[in-house]
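Each chain, letter by letter, is given below.
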Amino acid sequence: MKTALITGVTGQDGSYLAELLIQKGYEVHGMIRRSSSFNTSRIDHLYNDPNVLHSKLFLHYGDMTDSSNLNRILDRVKPDEIYNLAAQSHVKVSFEVPEYTAEVDGLGTLRILDAMKETQVGAKFYQASTSELFGKVQEVPQIETTPFYPRSPYAVAKLFSYWTVVNYREAYNLFACNGILFNHESPRRGGTFVTRKITQAVVRIMRGGQSTPIKLGNINSQRDWGYAPEYVEGMWRVLQSASPSDYLLATNETHTVREFIEQAFAYFGENIYWEGVDESEKGFLRSNSQLVVEIDPYYYRPTEVDLLVGDYSKAKRELGWEPKVKFDELVSIMVRADLENYENQNEKH
Ligand code: NAP
Ligand code: GDD
């Protein structure tokens, strides 16, 4: 039985990865943060399963800012594979907490890699690198060799981690890999990221639970959105490769935030028409002219990433990885799940 350590196990990706690895027969150890309220909702179904807790899943308190504790966890768990997913992962928030973001998303990676080197634990290491590294894109579509141009404290911190992984691989011969993942979403996506913010609000609006419009920032930015469960499978494949390398996972399709909004309303058979420009732009339901989208400059970023689209040919060729869920299906999966949640909650009340 292989043993895996997942930092960020309570996050969107960590929860799907824990499920996947348990299914594959791994003993999974997850690092969680102490918090004043429960932060394990995404893994509660595993945690509450008596066949899983303390036999297939083990949780350890820890924090990416605390080296001594990372050392202790590595020493105790002696993992075969480490998936470093923990991060302050919100790009806009990183402009407000840049130093903390650098501590966790940059130095945190160095702390684990150095603990691996010092404890000689011999694990394979996966780093959650990101398409945000490409930032002000130098090439379309982006591939593994496209030059980086980060545009936020988050991306700059992740750039430090990216190169630390490469350096520890070359300097100390560690099996350390970057997965450069483009945006991936799911019904478990945090509610402050644009896709989930939209799907939750669209459901409330269409079911009469919200009469105010959705307030959004830049709806013209373009993203390459995939489906998170497929991307965590890609993470696992990265660590099963014959030799350590860096891989880009994406769908090779790009869509605007505006299209995401339109597609989410289309789930309910509604069309949107737009009036005004820039901060004055508004979206209305074609059926009854209800105002449903408004621009709020609060959500603008000091520097934006305008366009992301990734070519995943290397992952397809070397790992046999290919995404199946594309844009329309992804939006449907997310809206359907939020609709079910909404109806279940309303039944309870
Ligand atoms: P997420 O849902 O925000 O989860 C982040 C996880 O990190 C949570 O478990 C969080 O714990 C934990 N964490 C945050 N700060 C920590 C700290 N100081 N010490 C220990 N744990 C900490 O993010 P995600 O979408 O699953 O993404 C996973 C990773 O992939 C992140 O590194 C992200 O930057 C990267 N990434 C994501 C995408 C994407 O589209 N989702 C694309 C490329 C790269 P709490 O639950 O306690 O907050
Ligand atoms: N969050 C948010 N909220 N974004 C908005 C909003 C809003 O109200 N309105 C417009 N946007 C735009 C953002 O300006 C950005 O261009 C786009 O929607 C996507 O924003 P997010 O969903 O916050 O994701 P992200 O692309 O910035 O970052 C995510 O993907 C990265 C991979 O490219 C995160 O998961 C990062 O952790 C990840 O590295």
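Note that the structure is predicted; figures quoted are calculated from it, not measured.

*Asks:* Help me understand the site of ligand 1, please; the structure alone is not making it clear to me.
*Replies:* Close contacts around ligand 1 come from 26 residues, with T10, R33, S89, Y154 and K158 the closest. In the environment of ligand 1, an oxygen atom lies 3.0 Å from a nitrogen or oxygen atom belonging to the backbone of G11. Interatomic distance of 3.0 Å between a backbone N/O atom of Q12 and an oxygen atom of ligand 1. Here the shell around ligand 1 takes three residues from strand β5 (residues 124–130), the largest share from any one element.

*Asks:* Would you mind going over the pairing of strand β2 (residues 27–32) with me for this structure?
*Replies:* Two faces make up the sheet, and in a regular strand the side chains alternate between them. Counting buried positions along β2 yields five of six residues, so the element is predominantly enclosed. Judged from the five bridges that link them, strand β1 (residues 3–7) and β2 form a sheet pairing that is parallel. Note on β2: the bridge partner recorded for I6 is G30. Between the parallel elements β1 and β2, the chain passes through helix α1 (residues 12–23) in a crossover that is right-handed. Inspection of the sheet shows β2 paired to strand β3 (residues 57–61) by five bridges, in the parallel sense. Across the sheet, residue I32 finds its bridge partner in β3, namely Y61.

*Asks:* Would you explain the nonpolar core in this entry?
*Replies:* Grouped burial of nonpolar side chains is what soluble globular proteins tend to show. Core analysis: the largest hydrophobic core is formed by 36 residues, its most contacted members being I6, L17, L21, Y83 and Y126. Breaking this core down by element, the ones donating at least two residues are β1, α1, β2, β5, β6 (175–181), α8 (228–240), β11 (247–249) and α10 (313–319). Ranked by the residues each element gives to this core, the list is headed by α8, at seven residues.

*Asks:* Got a minute to help me understand the pattern of salt bridges in this structure?
*Replies:* Inspection of every chain in the model, using the stated rule, returns 18 salt bridges. When the shortest N-O distance is used, the salt bridge between R188 and E19 registers 2.6 Å. Of the two residues, R188 sits in the loop between β7 (184–185) and α7 (194–206) while E19 sits in helix α1, which places them 169 residues apart along the sequence. In this structure, R188 and E19 share a single accessibility class: buried. The structure contains a network of salt bridges with shared partners spanning D114, K117 and E118.

*Asks:* Explanation requested: helix α11 (residues 327–348) in the structure shown.
*Replies:* An α-helix turns once per 3.6 residues; consequently, residues spaced three or four apart project the same way. Spanning 22 residues, α11 covers 32 Å between terminal C-alpha atoms, matching the ideal 32 Å at 1.5 Å per step. Along α11, the positions that sit buried rather than exposed are F327, L330, V331, I333, M334, V335, A337, D338, L339 and Y342. Check the buried side of α11 and you find it contacts β7, α7, β10 (226–227), β12 (255–256) and α9 (257–266).

*Asks:* Is there a simple way to think about the packing of helix α5 (residues 98–119) against helix α6 (residues 153–172) in this case?
*Replies:* It is the contact of α5 with α6, at a shortest axis distance of 8 Å, that shows an interaxial angle of 10 degrees. Between α5 and α6, the interaxial angle falls into the category roughly parallel. Helix-helix and strand crossings are classified by hand; for α5 and α6 the assignment is right-handed. Mapping the contact onto sequence places P98, T101, A102, D105, G106, L107, T109, L110, L113, D114 and K117 in α5 and P153, Y154, A157, K158, F160, S161, T164, V165, Y168 and Y172 in α6. For the contact of α5 with α6, a count of residues per class yields twelve nonpolar, five polar and four charged.

What counts, and where the lines are drawn
Numbering of residues starts from 1 in each chain and follows the order in which that chain's sequence is written. A letter from A marks each chain and a number from 1 marks each ligand, given out in the order of writing. This being a predicted model, a pLDDT of at least 70 is required before a residue's local features are given, and a value of 80 or more before pairs of side-chain atoms are given or counted; all residues contribute to the totals for chains, interfaces and linings. Note that water and hydrogens are dropped before the side-chain values are worked out from all heavy atoms of the structure. Being near a molecule or strand, for a residue, means having at least one of its heavy atoms within 4 Å of it. Nitrogen and oxygen atoms within 3.5 Å of one another constitute a polar contact, given that in protein one can donate a hydrogen and the other can accept it, and given that sequence-neighbouring residues count only through two side-chain atoms. Going along the chain from the N terminus, every DSSP run of H or I of four or more residues is numbered as a helix, and every run of E of two or more is numbered as a strand. In this scheme, a residue with accessible area under 20% of its type's maximum is buried, one over 50% is exposed, and one in between is partly exposed, where area comes from a 1.4 Å probe on protein chains only. Think of it this way: DSSP has to see at least two bridges between two strands before they count as a pair. By convention, orient the strands away from the viewer: a clockwise path from the first strand over the helix to the second makes the crossover right-handed. What makes a nonpolar core is a set of buried Ala, Val, Leu, Ile, Met, Phe, Trp, Tyr and Cys residues whose side-chain atoms join them at distances within 4.5 Å. Criterion for a salt bridge: a side-chain nitrogen of Lys or Arg within 4 Å of a carboxyl oxygen of Asp or Glu. Multiplying one less than the number of residues by 1.5 Å gives the expected span of a helix. Note on definitions: a residue-residue contact is assigned when non-hydrogen atoms from the two residues lie within 4.5 Å. Fitted lines through C-alpha atoms give the axes, limited to the stretch in contact for helices. The angle between two N-to-C directions lies from 0 to 180 degrees. These descriptions rest on fixed angle ranges, namely under 35 degrees for roughly parallel, over 145 for roughly antiparallel, 65 to 115 for roughly perpendicular, and the rest for oblique. For any pair of crossing helices, the crossing counts as left-handed if the nearer helix is rotated counterclockwise from the farther one by less than a right angle, and right-handed if it is rotated clockwise. Residues are grouped as follows: nonpolar covers Ala, Val, Leu, Ile, Met, Phe, Trp, Tyr, Cys and Pro; charged covers Asp, Glu, Lys and Arg; every other residue, Gly included, is treated as polar.

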